[in-house]
Amino acid sequence: SYEYVGAASQLRHEAQSSHTTDQERVMLLLNTTLAPLVLGVLIGATAYVSNACAELLLRAKWGITFWLLSFPFGAILAYPLFTTLCVALAAGAAAVSLWAPAACGSGIPMVKVELNGVRVPGALSARTLLVKLAGITLVVASGLPCGREGPMVQLGAGIGRLVLRWQSRLLS
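Now for a quick tour of the structure. (Residues numbered from 1 in each chain as written. Predicted model: local features only at pLDDT ≥ 70, side-chain atom pairs only at ≥ 80, totals over all residues. Heavy atoms only, no water.)

Considering the layout of surface pockets
Line of reasoning, step 1. When its volume is computed, the second largest pocket comes out at roughly 220 Å³.
Line of reasoning, step 2. Along the wall of the second largest pocket there are 15 residues; nearest its centre are Ala103, Cys104, Gly105, Gly135 and Val139.
Line of reasoning, step 3. Considering every element that reaches the lining of the second largest pocket, the biggest residue donor is helix H5 (residues 126-142), with five residues.
Line of reasoning, step 4. Split by residue class, the lining of the second largest pocket holds ten nonpolar, four polar and one charged. (1 Å grid on protein atoms, 1.4 Å probe; cavity = no way out; pocket = protein on both sides within 12 Å on 5 of 7 lines; lining within 4 Å. Points joined across faces, edges and corners; volume = space filled by probe spheres on them. Helix = DSSP H or I, 4+ residues; strand = E, 2+ residues; numbered from the N terminus. Nonpolar A, V, L, I, M, F, W, Y, C, P; charged D, E, K, R; others polar.)

Put into structure tokens, the structure is as follows:
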């Protein structure tokens, strides 16, 4: 591997030797600077979009509830409507997962399996990533006790796979 054994890595030694061509130096620059930068920006943007959408849904859910509570008998409607909104958001997350079953669950086990060399069909596909993003946004907005950490691991791995696939097509 390129990064595991820094100074002793044969690839690193070859890349840093004075016998490299300009094309090899450009490749090294792309592999060590541009790809990680693009990857970090895309993963950060994905987390931001998920957070912003969940916050928007939460504000709408609470806004409707507090608006109903401002009326004299609004409390009678506020609780059932709030509960209905929470259930609808959770049901939306469950329905979205039907388009990509590999998006169900935490995401960390899928990434571990892929890292161990077992290919899970669709685990890191673009469709799965979109479903995972929509699902985790809806689940967090519904108020279910779960976080974004596990799903963001799968999203990050999938984005990394897509960026590396794009990079290899670009450089070939």
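Description of the packing of aromatic side chains
The geometry of two aromatic rings is summed up by the distance between their centres and the angle between their planes.
Line of reasoning, step 1. One pass over the structure, following the stated rule, counts three aromatic pairs.
Line of reasoning, step 2. Each ring, one from Trp62 and one from Phe82, has its centre 4.6 Å from the other, and the planes form 45°; the classification is tilted. Here Trp62, found in helix H2 (residues 22-69), pairs with Phe82, found in helix H3 (residues 74-96); they are 20 residues apart in sequence, far enough to count as distant.
Line of reasoning, step 3. We classify Trp62 as partly exposed; its relative accessible area is 40%.
Line of reasoning, step 4. Ring geometry for Trp67 against Phe71: centres 5.0 Å apart, planes inclined by 90°, an arrangement best described as edge-to-face. (Phe/Tyr/Trp six-rings, centres within 6.5 Å; stacked < 30°, edge-to-face > 60°. Buried < 20%, exposed > 50% of the residue type's maximum accessible area, 1.4 Å probe, protein only.)

What about the packing of H3 against H5?
Line of reasoning, step 1. Between H3 and H5, the least distance of the axes is 8 Å, while the angle of their chain directions is 165°. Looking at the two axes, H3 sits roughly antiparallel to H5. Crossing hand, H3 versus H5: left-handed. Here Cys86, Leu89, Ala90, Gly92, Ala93 and Val96 of H3 lie close against H5, whose contacting residues are Val131, Ala134, Gly135, Leu138, Val139, Ala141 and Ser142.
Line of reasoning, step 2. Split into classes, the residues belonging to the contact of H3 with H5 amount to ten nonpolar, three polar and no charged. (Axes fitted to C-alpha atoms, helices over the stretch in contact; angles between N-to-C directions. Parallel < 35°, antiparallel > 145°, perpendicular 65-115°, else oblique. Left-handed = near helix turned anticlockwise from the far one by under 90°. Contact = heavy atoms within 4.5 Å.)

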